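Okay, here's what each chain looks like letter by letter:
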Amino acid sequence: MASPAAAPAAPASLKRIVAASLIGTTIEWYDFFLYGAAAALVFNQLFFPDSDPLVGTLLAFLTYAIGFVARPIGALVFGHYGDRLGRKKLLVLSLLLMGGATFAIGLLPTHATVGSAAPLLLTSLRLVQGFALGGEWGGAVLLVSEHGDARRRGFWASWPQTGAPAGQLLATGVLAALTALLSEDAFLAWGWRVPFLLSGLLVLVGLWIRISVDESPVFKEALRQAEERRERSAEPEQPPLLAVLRHHWRDVLVAMGARMAENISYYVVTAFILVYVTDQLDLSRQLALNAVLIASAVHFATIPLWGALSDRLGRRPVYLIGAAGVGLWMFPFFALIDTRSFGAVLLAVTVGLVLHGAMYAPQAAFFAELFATRMRYSGASIGAQFSSVAAGAPAPMIATALLADFDSSVPVSLYVMAAAALTVVAILCARETRMRDLSDGDPDDDGTPDPAEPTAPEGTSAVEGAREAVQPKG
């Protein structure tokens, strides 16, 4: 008979866990997005002053992309130890690494002070940021997914996803306030450092909350079962990475494909727009920052709604709405921005981010449901972060290069549409995972449930399914 499944967390406990994950991901994304905004606005002048303005922006975005290169490494390391030691310990470490690197960026000397050493130091700290974020996302969404029940998993697991727009909102809001209050010279001299130094205070708050939550009960149960199997067989457990590549390689490919449109569209809508509005249209950066700021608030509010809808319709239908929608929106997106009207720019960014949310909201539960518990951190992190190297990392650079070469937004729109088509294909190839019991499917050796054990009906735990299977009918 199957081992009893871990009971879902009580509502009060679940809310505390959601809050801990949300605050942690907000801080992590604040740090990460702050760098992206600064790369678009000031890093070209502070760290690459000898270059043409557009070339300097490209170089700043290159250091921005390097952070994405480190994310798969973080996914491998954090995924391995997160599947071996637990989600909570690794989440605390990722927060410390990210916050420390961001705080240190605020203390960096610029090119005017130390010359070529400045961009090298900047790049090194960006690598630490990327490494930490590569391990953060998987652990945060799994901690919530594994505490909740199947019926509302999409809703609850979408809350850590709101950390992205919340971090964007916080980073953009701080930058917008500083650019409004300070002169251009003051902002370049010292004002840009303030948002980075604020990260130190945010990390202390995040650590205080994150340390207070419990480890995932699903993981603790899976760890107990793994120890029992090890005692019976006297064979070492297969490393999570090898188990994922052996038993879940199709799911990894699905996750990578699903991330293409989501990742590329997000960075085009929120990061590249700062370049397009200021360099192509000669408008103030304040206009672009204000538009992203307001749109991020709407994005934050709609993500849980999309998550709840995925609990009713399924992960795949909601994801397909977002992927197809964002691809079709790109031409209207740039047409609205070209009007140079703040209202039109705001509408363009808001609709783009709402459609992005239809992909981002169900993603947390969807990726968690693809993998067995003892390889879930590795599988979800690898699928999410390896795709970011090909998607989010070069997106602002590719969009900026296309704009420089063609002096038109049309190639950028086609670029996002191609990514959307790839994501649609990936989702159509995936299986629907809604209502999967995350305590089921833990592998003995092949990543599948033991066929001799009763299978739980949708929405029930393994022990409930076993009990129903042996009850007399009628």
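Coordinates for the structure precede this section.
None of the values given here were measured: they were computed from a predicted structure.

Let's talk about the overall build of the protein
Scanning the protein from terminus to terminus reveals 20 helices and zero strands. Relative to its 474 residues, the protein shows a buried fraction of 60%. Intrachain contacts of the protein at a sequence separation of at least 6 include 86% that bridge at least 24 residues.

Focus: the packing of helix H15 (residues 315-337) against helix H16 (residues 342-370)
As a packed pair, H15 and H16 sit with axes 8 Å apart at the nearest point and diverge in direction by 160°. Taken as axis vectors, H15 and H16 run roughly antiparallel relative to one another. In this structure, H15 crosses over H16, and the sense of that crossing is left-handed. Considered class by class, the residues forming the contact of H15 with H16 number 21 nonpolar, four polar and two charged.

Section: unusual backbone geometry
One non-glycine residue, Arg340, lies in positive phi territory at about 65°. Of the residues examined, Arg340 reaches a relative accessible area of 43% and is grouped as partly exposed. At Met435, a residue that is not glycine, the phi angle is positive and equals roughly 75°. A residue is classified by how much of its surface remains accessible, and Met435, at 13% relative accessible area, is buried.

Observations regarding H16
When the terminal C-alpha atoms of H16 are compared, their 42 Å separation across 29 residues agrees well with the 42 Å that a helix rising 1.5 Å per residue should span. Largest kink in H16: about 45°, centred on Gln363. Burial analysis of H16 places 24 of its 29 residues in the buried class, the great majority of the element.

Remarks on a nonpolar patch on the surface
A surface patch of nonpolar side chains, about 650 Å² in accessible area, is lined by Ile73, Leu76, Val77, Tyr81, Leu85, Leu241, Leu245 and Phe386. Secondary-structure elements contributing two or more residues to the nonpolar patch are helix H3 (53-85) and helix H12 (240-247). Looking at the secondary structure, you find Tyr81 in helix H3.

A closer look at the packing of helix H13 (residues 249-280) against H15
Interhelical geometry of H13 versus H15 gives an angle of 20° and a closest axis separation of 9 Å. With respect to their mutual orientation, H13 and H15 come out roughly parallel. Seen along the crossing, H13 lies across H15 with a hand that is left-handed. Of the residues in H15, those in contact with Ala258, Arg259, Glu262, Ser265, Val268, Val269, Phe272, Ile273, Tyr276 and Val277 of H13 are Tyr319, Val326, Met330, Phe333, Phe334 and Ile337. A class-by-class count of the residues in the contact of H13 with H15 yields 13 nonpolar, one polar and two charged.

Observations concerning the packing of aromatic side chains
The full count for this structure, using the stated rule, is 18 aromatic pairs. The interplanar angle of 90° and the centroid separation of 6.1 Å between the aromatic rings of Phe155 and Trp159 together place this pair among those described as edge-to-face. Here the residue Phe155 and the residue Trp159 both occupy positions in helix H7 (residues 153-161), the gap between them amounting to four residues, near one helical turn. The class for Phe155 is buried, based on a relative accessible area of 16%. Members of the aromatic cluster, joined through ring pairs, are Tyr35, Phe43, Phe47, Trp192 and Phe196. Lying over the aromatic face of Tyr35, Arg126 brings its terminal NZ or CZ to 4.3 Å of the ring centre.

Structural notes on the pattern of salt bridges
A pair can form between side chains of opposite charge whenever their charged atoms are brought close. One pass over the full model with this rule turns up eight salt bridges. Taking the shortest distance from any N to any O, the salt bridge between Glu146 and Arg87 comes out at 2.7 Å. Taken together, the residues span a long stretch of sequence, with Glu146 in helix H6 (residues 117-147) and Arg87 in helix H4 (residues 87-105) at a distance of 59 residues. As a salt-bridge pair, Arg315 and Asp311 come within 2.9 Å of each other at their nearest N and O atoms. Connected through salt bridges with shared partners, the residues Asp83, Arg87, Glu146 and Arg376 form a single ionic network.

Side note on the nonpolar core
Grouped together as the largest cluster of nonpolar side chains are 130 residues, with contacts concentrated most on Phe43 and Phe333. Per-element tally for this core: the top contributor is H13, with 17 residues. Residue contacts for Phe333: discarding those within four places in its chain leaves Val269, Ile273, Ala348 and Val349. Ile27, Val92, Leu95 and Val203 belong to the second-largest nonpolar core, a separate cluster that totals five residues.

Things to note about the side chain of Gln161
Within the element layout of this structure, Gln161 appears in helix H7. A residue is classified by how much of its surface remains accessible, and Gln161, at 0% relative accessible area, is buried. Polar side-chain contacts of Gln161 include one of 2.7 Å to the side chain of Trp137.

Comments concerning the environment of Asn290
Summarising the element assignment, Asn290 is placed in helix H14 (residues 285-313). Here the alpha-carbon distance between Asn290 and Leu169, two residues 121 residues apart in the chain, equals 9.9 Å. Once residues lying within four places of it in the same chain are set aside, the contact partners of Asn290 are Ala176 and Phe342.

Brief notes about the side chain of Ser158
Note that Ser158 resides in helix H7. Residue Ser158 is classed as buried on the basis of its relative accessible area of 0%. Excluding its chain neighbours within four sequence positions, the residues that come into contact with Ser158 are Arg153, Ile303, Pro304, Gly307 and Ala361.

Observations concerning the environment of Ile321
Tracing the backbone through its elements, the reader meets Ile321 in helix H15. Those residues in contact with Ile321 that sit more than four places away from it in its chain are Trp306 and Leu355.

Quick look at the environment of Phe331
Position of Phe331 among the secondary structure elements: in helix H15. Sequence spacing of Phe331 and Ala348 is 17 residues, and the spatial spacing of their C-alpha atoms is 10.0 Å. Residue contacts for Phe331: discarding those within four places in its chain leaves Val410, Ser413, Leu414 and Met417.

Structural notes on helix H11 (residues 217-233)
Between its terminal C-alpha atoms H11 stretches 24 Å, which fits the 24 Å expected from 17 residues at 1.5 Å a residue. Taken together, the buried positions of H11 are occupied by Pro217, Val218, Phe219, Glu221, Ala222, Gln225, Ala226 and Arg229.

Definitions and limits used
- Residues numbered from 1 in each chain as written.
- Predicted model: local features only at pLDDT ≥ 70, side-chain atom pairs only at ≥ 80, totals over all residues.
- Heavy atoms only, no water.
- Helix = DSSP H or I, 4+ residues; strand = E, 2+ residues; numbered from the N terminus.
- Buried < 20%, exposed > 50% of the residue type's maximum accessible area, 1.4 Å probe, protein only.
- Contact = heavy atoms within 4.5 Å.
- Axes fitted to C-alpha atoms, helices over the stretch in contact; angles between N-to-C directions.
- Parallel < 35°, antiparallel > 145°, perpendicular 65-115°, else oblique.
- Left-handed = near helix turned anticlockwise from the far one by under 90°.
- Nonpolar A, V, L, I, M, F, W, Y, C, P; charged D, E, K, R; others polar.
- Expected span 1.5 Å × (residues − 1).
- Bend = angle between axes of the 7 residues up to and from the residue.
- Patch = residues over 30% accessible without salt bridge, like charges linked within 9 Å, V, L, I, M, F, W, Y side chains within 5 Å.
- Areas by Shrake-Rupley, 256 points an atom, 1.4 Å probe, with all protein chains shown as cover.
- Salt bridge = Lys/Arg side-chain N within 4 Å of Asp/Glu carboxyl O.
- Phe/Tyr/Trp six-rings, centres within 6.5 Å; stacked < 30°, edge-to-face > 60°.
- Lys NZ or Arg CZ within 6 Å of the ring centre and 35° of its normal.
- Core = buried A, V, L, I, M, F, W, Y, C linked by side-chain atoms within 4.5 Å.
- Polar contact = N/O pair within 3.5 Å; in protein donor to acceptor, adjacent residues only side chain to side chain.

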